[in-house]
Amino acid sequence: MVHRMIASFQVSLAVLVFASLGFAQARGNTERPDFSGVWTNYQSGQPGQRGGRGAGTQAELPYTPEAKRKMDEYQALVRPTGDTPGGYCLGTGMPGSMLGSGGYPMEVIQRADQITVVYEAHNEIRRIYFGNRVIPVADRLPERNGYSVGRWEGNTLVVETEQLTEIVSQRFAHSAQAKIVERYTLTEENGRKVLTAEMTLTDPAFYTKPVSETKRWSIVPNGFLMTYECNEPLWERHLEELKKKAPGK
Amino acid sequence: MNTVRLVIASVALIVLLVTSAMAHHSAAAQDFGRRVEIEGVIKVWEVANPHGRVIIEVTDAKGKRDIEYETHSRNNMYRSGYRDGMMKAGDKIKISIAPNRDGSDGGYITGFVTAKGDKVGN
């Protein structure tokens with residue numbers, strides 16, 4: 001009887017220990033830096049000091065001759081009018097959507113299996129998938145912001161983005177074969193969260209070597225994003241045209 | 001301290017407006033280093049993204065005429081102080097613009113003061 005009681009106690013103790021270990025491990029897996037919130041361009045709090053993307057003049061990027069030809073062709077087309085995709089309500093696409101965010105703020109919504117990033121300008125949205133949420137490459141369609149897969153290396157969020165469309169209308173122009181790796185880290189300055197992204201773009205079709213850029217944002221306490229409705233005037237003008245063509249007019 | 005914060009906020013707003021303007025279209029046509037103030041009467045004021053469209057009846061040495069201007073996006077106008085119903089057609093208005101480099105009528109509105117004294121932008 002005593003032996004059975006001791007055995008029962010030992011089993012209960014073992015269950016308790018394993019359950020505790022499992023709980024601790026589960027907690028460990030979820031205790032990641034929290035990037036959630038609304039972010040603006042990095043502000044040091046000192047007059048005249050700004051962060052954002054790389055300061056100073058922008059160095060010439062090591063474009064391949066083919067990339068340069070395509071970009072020159074595009075510039076010759078739009079330079080006389082100053083047209084841009086944004087002027088036609090089209091988002092910038094990666095990496096410009098990420099590097100340019102902050103003037104128009106960026107919102108990060110973080111879950112264990114997916115991080116959603118909303119750039120206010122043009123309502124551009126990126127979804128960074130983790131683990132079982134990642135679908136096979138064959139099932140992905142190319143997009144201007146690509147398909148992003150995330151993983152954690154300690155407290156650093158590493159995001160790999162592929163399945164991009166070719167874009168020549170931004171500084172970091174790229175082909176559809178481009179791969180972008182972002183490494184996100186969270187720090188604190190004067191009690192305010194600072195988010196840093198170190199971006200590396202690899203694209204042998206457009207660059208003779210990988211190119212990099214660093215971008216920083218500051219948290220906006222109680223910040224909010226606005227909807228970026230853009231096509232409304234175009235639609236209203238179209239309706240006016242339809243009215244003019246309507247029977248009896 | 002409050003003055004320092006105001007200066008930082010003002011500089012940040014100017015940078016935001018200018019860089020955001022450049023993000024949507026080439027800013028080469030307007031001189032953002034200059035600011036010209038113009039008074040007139042609102043005929044059309046469309047608050048929209050990526051840019052607003054404004055027509056103001058202006059009377060100056062060249063005579064009375066309607067001039068079309070561009071404004072910043074609806075979202076940035078809001079963050080600069082714009083609120084719904086702040087102005088309407090027929091209202092007097094004073095605008096600050098980055099003028100066209102070629103000297104023609106028009107430009108990019110960087111700020112304005114309504115007839116009621118509401119101030120938006122710079």
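Summary of the structure given here.

Reading the values: the criteria
- Residues numbered from 1 in each chain as written.
- Chains lettered and ligands numbered in written order.
- Predicted model: local features only at pLDDT ≥ 70, side-chain atom pairs only at ≥ 80, totals over all residues.
- Heavy atoms only, no water.
- Salt bridge = Lys/Arg side-chain N within 4 Å of Asp/Glu carboxyl O.
- Buried < 20%, exposed > 50% of the residue type's maximum accessible area, 1.4 Å probe, protein only.
- Helix = DSSP H or I, 4+ residues; strand = E, 2+ residues; numbered from the N terminus.
- Pairing = 2+ DSSP bridges.
- Axes fitted to C-alpha atoms, helices over the stretch in contact; angles between N-to-C directions.
- Core = buried A, V, L, I, M, F, W, Y, C linked by side-chain atoms within 4.5 Å.
- Contact = heavy atoms within 4.5 Å.
- Disulfide = S-S within 2.5 Å.

**Things to note about the pattern of salt bridges**
Thinking step 1. For the structure on display, the rule yields 25 salt bridges over all chains.
Thinking step 2. Its salt-bridge partner being arginine 35 of chain B, residue glutamate 37 of chain B comes within 3.7 Å of it at the nearest N-O pair.
Thinking step 3. Residue classification places glutamate 37 of chain B among the partly exposed residues on the basis of a relative accessible area of 46%.
Thinking step 4. For aspartate 105 of chain B, the salt bridge identified is with arginine 65 of chain B, shortest N-O distance 2.7 Å. Taken together, the residues aspartate 105 of chain B in the loop between strand E4 (92–99) and strand E5 (107–114) and arginine 65 of chain B in strand E3 (residues 63–71) connect sequence positions 40 residues apart.
Thinking step 5. The class of aspartate 105 of chain B is partly exposed, set by a relative accessible area of 34%.
Thinking step 6. Relative accessible area serves as the criterion here: at 18%, arginine 65 of chain B is assigned to the buried category.
Thinking step 7. Via salt bridges that share partners, Arg151, Glu153, Glu160, Lys179 and Arg183 of chain A belong to a single interconnected network.

**Some words on the environment of phenylalanine 172 of chain A**
Thinking step 1. Counting through the fold element by element, phenylalanine 172 of chain A comes out in the loop between strand E6 (156–162) and strand E7 (179–189).
Thinking step 2. Taking the C-alpha atoms as reference points, phenylalanine 172 of chain A and glycine 96 of chain A, separated by 76 residues in sequence, lie 7.0 Å from one another.

**Some words on the sheet that holds E6 of chain A**
Residue and element names in this part refer to chain A.
Thinking step 1. Sheet architecture is closed into a barrel: nine strands sit in the order E1-E2-E3-E4-E5-E6-E7-E8-E9, paired in mixed fashion. Here the average twist between neighbouring strands, direction ignored, is 30 degrees.
Thinking step 2. In this sheet, strand E3 (residues 114–119) lies alongside strand E2 (residues 106–110) in antiparallel orientation, the contact comprising five bridges. In the sheet register, glutamine 110 faces E3, and the bridge partner there is isoleucine 115.

**Here's the deal with the nonpolar core**
Thinking step 1. Counting residues in hydrophobic clusters, the biggest one holds 37 residues, and the most contacted among them are Met98 and Tyr184 of chain A.
Thinking step 2. Filtering out sequence-adjacent residues up to four positions away, methionine 98 of chain A remains in contact with Tyr119, Arg126, Glu182, Tyr184, Ala197, Met199, Lys215 and Trp217 of chain A.
Thinking step 3. One finds Ile56, Val58, Met87 and Val120 of chain B within the second-largest nonpolar core, a separate group that totals 18 residues.

**Quick notes on the environment of alanine 29 of chain B**
Residues and elements named next belong to chain B.
Thinking step 1. As for its placement among the helices and strands, alanine 29 is situated in the loop between helix H1 (2–24) and strand E1 (36–46).
Thinking step 2. The class for alanine 29 is partly exposed, based on a relative accessible area of 45%.
Thinking step 3. Through-space distance from the C-alpha of alanine 29 to that of arginine 101 is 5.7 Å; in sequence the pair is 72 residues apart.
Thinking step 4. Ignoring any residue separated from it by four or fewer positions in sequence, one finds alanine 29 in contact with Pro99, Asn100 and Arg101.

**Points about the environment of valine 36 of chain B**
All names here are of chain B.
Thinking step 1. Along the chain, valine 36 turns up in strand E1.
Thinking step 2. Judged by relative accessible area, which is 26%, valine 36 ranks as partly exposed.
Thinking step 3. Residues within four places of valine 36 in sequence aside, it is in contact with Ile95, Ser96, Ile97 and Pro99.

**Some details on the state of the cysteines**
Residues and elements named next belong to chain A.
Thinking step 1. Under the defined criterion, the tally for this structure stands at one disulfide over all chains.
Thinking step 2. In this model cysteine 89 forms its disulfide with cysteine 230; the gap between the sulfur atoms is 2.0 Å. The chirality of the disulfide connecting cysteine 89 with cysteine 230 is left-handed, given an S-S dihedral of about -80 degrees. Of this pair, cysteine 89 sits in the loop between helix H2 (65–78) and helix H3 (96–99) while cysteine 230 sits in the loop between strand E9 (211–219) and helix H4 (232–245), and the two are 141 residues apart along the sequence.

**Brief notes about unusual backbone geometry**
Thinking step 1. Each neighbour pair has its own omega, and for methionine 94 of chain A with proline 95 of chain A the value is -5 degrees, a cis peptide bond.
Thinking step 2. Omega for the peptide link from asparagine 49 of chain B to proline 50 of chain B comes to 0 degrees, which places this bond in the cis form.
Thinking step 3. Here proline 50 of chain B is to be found in the loop between E1 and strand E2 (52–60).
Thinking step 4. At asparagine 123 of chain A, a residue that is not glycine, the phi angle is positive and equals roughly 55 degrees.
Thinking step 5. Among the structural elements, asparagine 123 of chain A can be located in the loop between E3 and strand E4 (124–129).
Thinking step 6. In this structure asparagine 123 of chain A comes out as partly exposed when scored by relative accessible area, which is 34%.
Thinking step 7. Positive phi is not limited to glycine here, since asparagine 222 of chain A has a value of about 55 degrees.
Thinking step 8. Residue classification places asparagine 222 of chain A among the exposed residues on the basis of a relative accessible area of 80%.

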